[in-house]
Amino acid sequence: MPDLVVSDGSDTPAVALGPTALVLGAFSAVGAWVPALVFVTLPWALMAGALAVTFGAWGVHHARRGAGRLWTAVAGTALGAIGCAGTITLLWALGG
């Protein structure tokens, strides 16, 4: 029977939640607040912002339990919220 390998918390999928949220949040924030990119990235900025908030909150949960980095999850959540709020504000201002 093979020996069981115990995870040390650095090789779980939860480690990727913070960086994923950070990348999605940065895309959402740039897509929502840079005027030259707004109309090109509008639908993806809203989805990326919502996913960044979701993955970031999930990443914060796992980082507090020892898997992953807390700062990337928090930064991704904040950028996702900024981008999502910017996109929703823009759509609301345009009457959509």
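Please read all numbers here as calculations on a predicted model, not as lab measurements.

(A) Structural view of the overall build of the protein chain. Scanning the protein chain from N- to C-terminus turns up three helices and zero strands. Across the 96 residues that make up the protein chain, the buried fraction comes to 30%. At a minimum sequence separation of 6, the contacts of the protein chain that also span at least 24 residues come to 72%.

(B) Representation of the environment of Pro13 in the model. The residue Pro13 is located in the segment before helix 1 (17-33) in this model. With a relative accessible area of 72%, Pro13 lands in the exposed category. Along the sequence, Pro13 and Gly68 sit 55 residues apart, while their C-alpha atoms lie 9.1 Å from each other.

(C) Summary view of the packing of helix 1 against helix 2 (residues 38-64). Viewed as axis vectors pointing N to C, helix 1 and helix 2 meet at an angle of 150 degrees, and their least axial separation amounts to 7 Å. Judged by the angle between their axes, helix 1 and helix 2 are roughly antiparallel. Helix 2 is crossed by helix 1, and the crossing has left-handed handedness. Across the contact of helix 1 with helix 2, the residue classes tally to 13 nonpolar, nine polar and no charged.

(D) Representation of a nonpolar patch on the surface within the structure. On the surface, Phe27, Trp44 and Met47 cluster together to form a nonpolar patch covering roughly 340 Å² of accessible area. Within the secondary structure, Phe27 is located in helix 1.

(E) Structural context of helix 1. With 17 residues, helix 1 extends 24 Å from end C-alpha to end C-alpha; this agrees with the ideal 24 Å at 1.5 Å per step. Restricting attention to buried positions, one finds in helix 1 the residues Leu17, Gly18, Ala21, Gly25, Ser28, Ala29, Gly31 and Ala32. Considered in projection along helix 1, the buried side chains sweep an arc of 165 degrees and stay on one side of the axis. Where the residues of helix 1 are buried, they touch helix 2 and helix 3 (70-93).

(F) Expanded view of the packing of helix 1 against helix 3. Helix 3 packs onto helix 1 with a crossing angle of 25 degrees between their chain directions and a minimal axis gap of 7 Å. Judged by the inter-axis angle, helix 1 sits roughly parallel to helix 3. The handedness of the crossing between helix 1 and helix 3 is left-handed. Touching Gly18, Pro19, Ala21, Leu22, Gly25, Ala26, Ser28, Ala29, Ala32 and Trp33 of helix 1 are Trp71, Thr72, Ala73, Ala75, Gly76, Leu79, Gly80, Ile82, Gly83, Cys84, Gly86 and Thr87, all from helix 3. Residues that form the contact of helix 1 with helix 3 fall into these classes: 13 nonpolar, nine polar and no charged.

(G) Region of the structure containing the environment of Trp58. Here Trp58 is to be found in helix 2. Classification of Trp58 as partly exposed rests on a relative accessible area of 45%. As for Trp58 and Ala73, which are separated by 15 residues in sequence, their C-alpha atoms are 8.1 Å apart.

Criteria and thresholds
Residues numbered from 1 in each chain as written. Predicted model: local features only at pLDDT ≥ 70, side-chain atom pairs only at ≥ 80, totals over all residues. Heavy atoms only, no water. Helix = DSSP H or I, 4+ residues; strand = E, 2+ residues; numbered from the N terminus. Buried < 20%, exposed > 50% of the residue type's maximum accessible area, 1.4 Å probe, protein only. Contact = heavy atoms within 4.5 Å. Axes fitted to C-alpha atoms, helices over the stretch in contact; angles between N-to-C directions. Parallel < 35°, antiparallel > 145°, perpendicular 65-115°, else oblique. Left-handed = near helix turned anticlockwise from the far one by under 90°. Nonpolar A, V, L, I, M, F, W, Y, C, P; charged D, E, K, R; others polar. Patch = residues over 30% accessible without salt bridge, like charges linked within 9 Å, V, L, I, M, F, W, Y side chains within 5 Å. Areas by Shrake-Rupley, 256 points an atom, 1.4 Å probe, with all protein chains shown as cover. Salt bridge = Lys/Arg side-chain N within 4 Å of Asp/Glu carboxyl O. Expected span 1.5 Å × (residues − 1). Arc of directions from axis to C-beta.

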